[in-house]
Amino acid sequence: MNFDSNKIELHLGLEKPVRILHLTDIHLSLADDRNENMIQYAAGRRNTFFKEGNFPERDPVGYLEDAMEYAKDFDCTVITGDMVDFVTYANYDTAAKILAGKDYLFCAGNHEFTPKPGTDSMELKRGSWDYIQSHFRGNMHIESRIVGGVNIIAADNGFRLWTKEQLDLIKGEVARGLPILLFCHVPIANEMMTTEGKDSARRLGYTEEEILQSVETAQYLRDEPMIKAFFAGHGHHNQYWDFHGKPSYMTGGLFKGILGEITVD
Ligand SMILES: [Fe+2]
Ligand SMILES: [Fe+2]
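Predicted, not measured: the structure shown is a model, and the values here were computed from it. (Residues numbered from 1 in each chain as written. Chains lettered and ligands numbered in written order. Predicted model: local features only at pLDDT ≥ 70, side-chain atom pairs only at ≥ 80, totals over all residues. Heavy atoms only, no water.)

**Quick word on the overall build of the protein chain**
Our working definition: Numbering of helices and strands starts at the N terminus; helices are DSSP runs of H or I of at least 4 residues and strands are runs of E of at least 2. The size measure is the radius of gyration over C-alpha atoms, and the globule rule it meets is 2.2 Å times the number of residues to the 0.38 power. Categorising residues by exposure relies on relative accessible area from a 1.4 Å probe, with only protein chains included: less than 20% of the type maximum marks a residue as buried, more than 50% marks it as exposed, and the intermediate range marks it as partly exposed. A contact between two residues is defined here by any heavy atoms of the two lying within 4.5 Å.
Broken down by element type, the protein chain carries 7 helices and 11 strands. The C-alpha radius of gyration of the protein chain comes to 18 Å, within 12% of the 18 Å expected for a compact globule of 265 residues. Counting all 265 residues of the protein chain, 55% fall into the buried class. Put simply, 76% of the contacts in the protein chain that link residues at least 6 apart link residues at least 24 apart.

**What to know about the sheet that holds strand β4 (residues 105-106)**
As a reminder of what qualifies: For two strands to be treated as a pair, DSSP must find at least two bridges joining them. Axes here mean lines fitted to C-alpha atoms, for a helix over just the part in contact, with angles spanning 0 to 180 degrees between N-to-C directions.
On the basis of which strands lie adjacent, the open sheet formed by 5 strands has the order β1-β11-β2-β3-β4 and mixed pairing. At either end of the open sheet lies a strand with only one pairing partner, and these are β1 (4-10) and β4. Relative to the sheet, helix α2 (residues 60-70) contacts β2 (18-23), β3 (76-79) and β11 (258-264), its axis offset from that of β2 by approximately 170 degrees.

**Things to note about the sheet that holds strand β5 (residues 142-147)**
Pairing is mixed in the open sheet, where 6 strands are placed in the order β5-β6-β7-β8-β10-β9. A strand with exactly one partner marks an edge of an open sheet, and here the two such strands are β5 and β9 (239-243). Neighbouring strand axes in the sheet, compared pairwise and without regard to direction, differ in orientation by 20 degrees on average.

**As for the coordination of the iron ion (ligand 2)**
Note the following rule: Metal sites are built from N, O and S donor atoms within 2.8 Å, or 3.2 Å for Na, K and Ca, and they leave out water, so they may look incomplete. Here a site with four donors is tetrahedral if all angles are between 85 and 135 degrees, and a site with four or six donors is square planar or octahedral if opposite donors are over 155 degrees apart and the other angles are between 65 and 115; anything else gets the irregular label.
Within the protein, the iron ion (ligand 2) binds to Asp82 (OD), Asn110 (OD1), His185 (NE2) and His234 (ND1); these donor distances fall in the range 2.1 to 2.3 Å. Each of the 4 donor atoms bound to the iron ion (ligand 2) contributes to angles spanning 83 to 163 degrees, and the resulting shape is irregular. In primary sequence terms, the donor set of the iron ion (ligand 2) follows D-x27-N-x74-H-x48-H. Metal-to-metal, the separation of the iron ion (ligand 2) and the iron ion (ligand 1) is 3.3 Å; aspartate 82 coordinates the two. Taken together, the residues aspartate 82 in the loop between β3 and α3 (89-99) and histidine 234 in the loop between β8 (227-232) and β9 connect sequence positions 152 residues apart. Under the relative-accessibility criterion, aspartate 82 is labelled buried at 1%. Classification of histidine 234 as partly exposed rests on a relative accessible area of 25%.

**What to know about the coordination of the iron ion (ligand 1)**
Taken together, Asp25 (OD), His27 (NE2), Asp82 (OD) and His236 (NE2) make up the full set of protein donors to the iron ion (ligand 1), lying 2.0 to 2.2 Å away. Bound by 4 donor atoms, the iron ion (ligand 1) shows angles of 88 to 175 degrees at the metal and therefore irregular coordination geometry. Counting residues between consecutive donors of the iron ion (ligand 1) along the chain gives the motif D-x1-H-x54-D-x153-H.

**Here's the deal with the nonpolar core**
To keep things clear, this is the line we draw: Take the buried residues of types Ala, Val, Leu, Ile, Met, Phe, Trp, Tyr and Cys, join any two whose side-chain atoms come within 4.5 Å, and each joined set is a nonpolar core.
Counting residues in each nonpolar core, the largest one holds 30 residues, and the members touching the most others are Leu23, Met68, Ile79, Met83, Phe136, Leu254 and Leu259. No other element matches the 6 residues that α2 contributes to this core. Setting aside chain neighbours within four positions, we find leucine 259 in contact with Phe3, Asp4, Ser5, Asn6, Leu21, His22, Leu23, Ala67, Tyr70, Thr251 and Leu254. Of all hydrophobic cores here, the second largest spans 20 residues; its members include Leu10, Leu14, Tyr249 and Val264.

**Observations concerning the packing of α2 against α3**
Two quantities define a packed helix pair, namely the angle between the helix axes and the distance between the axes. Put simply, the rule reads: To sort the angles, those under 35 degrees are grouped as roughly parallel, those over 145 as roughly antiparallel, those from 65 to 115 as roughly perpendicular, and the leftovers as oblique. By the definition used in this description, the sense in which the near helix is turned from the far one sets the handedness, with an anticlockwise turn below a right angle giving left-handed and a clockwise turn giving right-handed. Polar here means any residue outside two lists: the nonpolar Ala, Val, Leu, Ile, Met, Phe, Trp, Tyr, Cys and Pro, and the charged Asp, Glu, Lys and Arg; Gly therefore counts as polar.
Interaxial distance between α2 and α3 falls to 10 Å at its minimum, and their mutual angle equals 20 degrees. Taken together, α2 and α3 sit at an angle that is classed as roughly parallel. Our pair here, α2 against α3, has a crossing hand that is right-handed. When α2 is examined against α3, the residues Val61, Leu64, Glu65 and Met68 are found in contact with a partner set consisting of Thr94, Ile98 and Leu99. Classifying every residue of the contact of α2 with α3 by side-chain character gives 5 nonpolar, 1 polar and 1 charged.

**A word on the packing of aromatic side chains**
Cut-off, in case you're wondering: When two rings of Phe, Tyr or Trp (its six-membered ring) have centres within 6.5 Å they constitute a pair, described as stacked for plane angles under 30 degrees, edge-to-face for angles over 60, and tilted for the intermediate range. Only when the NZ of Lys or the CZ of Arg is both within 6 Å of the ring centre and within 35 degrees of the ring normal is a charge said to sit over the ring.
This structure, assessed with the given rule, holds 16 aromatic pairs. Ring centres of phenylalanine 3 and tyrosine 63 lie 6.1 Å apart, and the angle between their planes is 40 degrees; on these two criteria the pair is classed as tilted. Residue phenylalanine 3 is found in the segment before β1, and its partner tyrosine 63 is found in helix α2; the two are separated by 60 residues along the sequence. We classify phenylalanine 3 as buried; its relative accessible area is 14%. On the basis of an interplanar angle of 75 degrees and a centroid distance of 6.4 Å, the ring pair of phenylalanine 113 and phenylalanine 159 is categorised as edge-to-face. Placement of the pair is phenylalanine 113 in the loop between β4 and α4 (122-133) and phenylalanine 159 in the loop between β6 (150-155) and α5 (164-174), with a sequence separation of 46 residues. Taking the relative accessible area as the measure of exposure, phenylalanine 113 reaches 3% and is therefore buried. An aromatic cluster is defined as three or more aromatic residues linked by ring pairs; in this entry it consists of Tyr89, Tyr92, Phe106, Tyr131 and Phe136. Here the basic side chain of lysine 116 rests over the ring of tyrosine 41, its NZ or CZ set 4.7 Å away from the ring centre. The ring of phenylalanine 159 has lysine 125 sitting right over it, with the charged end atom 4.5 Å from the ring centre.

As structure tokens, this is what we get:
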């Protein structure tokens, strides 16, 4: 299959290598007569992503189908959000159909809840959560799984918010004593420790308490030695950071044909 692979190697002293497939930013942009007012807009967005992807061979639906087939070669698949570009029946029906019966961890991105990009709010996110979640297996707020001696956590930080529930679950996973890889949508380096991050959170309707909770969690993720590396999407291109001594990787959008192939040994 013709993907542009972001190949990542991590050495944690495992007995046997573990291979993880990282998919992110598919940006399905479909609409049908159930969302008639979105049909033209959807066509425009497909065109935008086609250009942003430099005229890729496949469309996002094709790449997602191929990637979920390719996933059979891996020990675990993690999808870090922006599965859709905006909420329509056609987008979520398509995602659910391709993912049905497949095994993966999925955490939400910032586009999962938006009727149109640029109109996000916590209110919309909370209001549409159950409908969106019904199209995916697992728990898109946070989920973890131990694979071959490594503990994989996928957590929603799509709006740069970390909740107490997430922090408590991560602390519980740390107590199990295995190295942790943390997958989330927004790169960890952009968390709410910055003024820009805090301002954007306020615009989305967070309380000051929620912002403080997010900062506390981000600091914990930074300082806890059992959390070994971070993986994210959102920026649509491959990038690497050293985040306070921890490797932090961003993998580009699957709509461009990019996917992450992570080998941990
Ligand atoms: Fe995205
Ligand atoms: Fe995003």
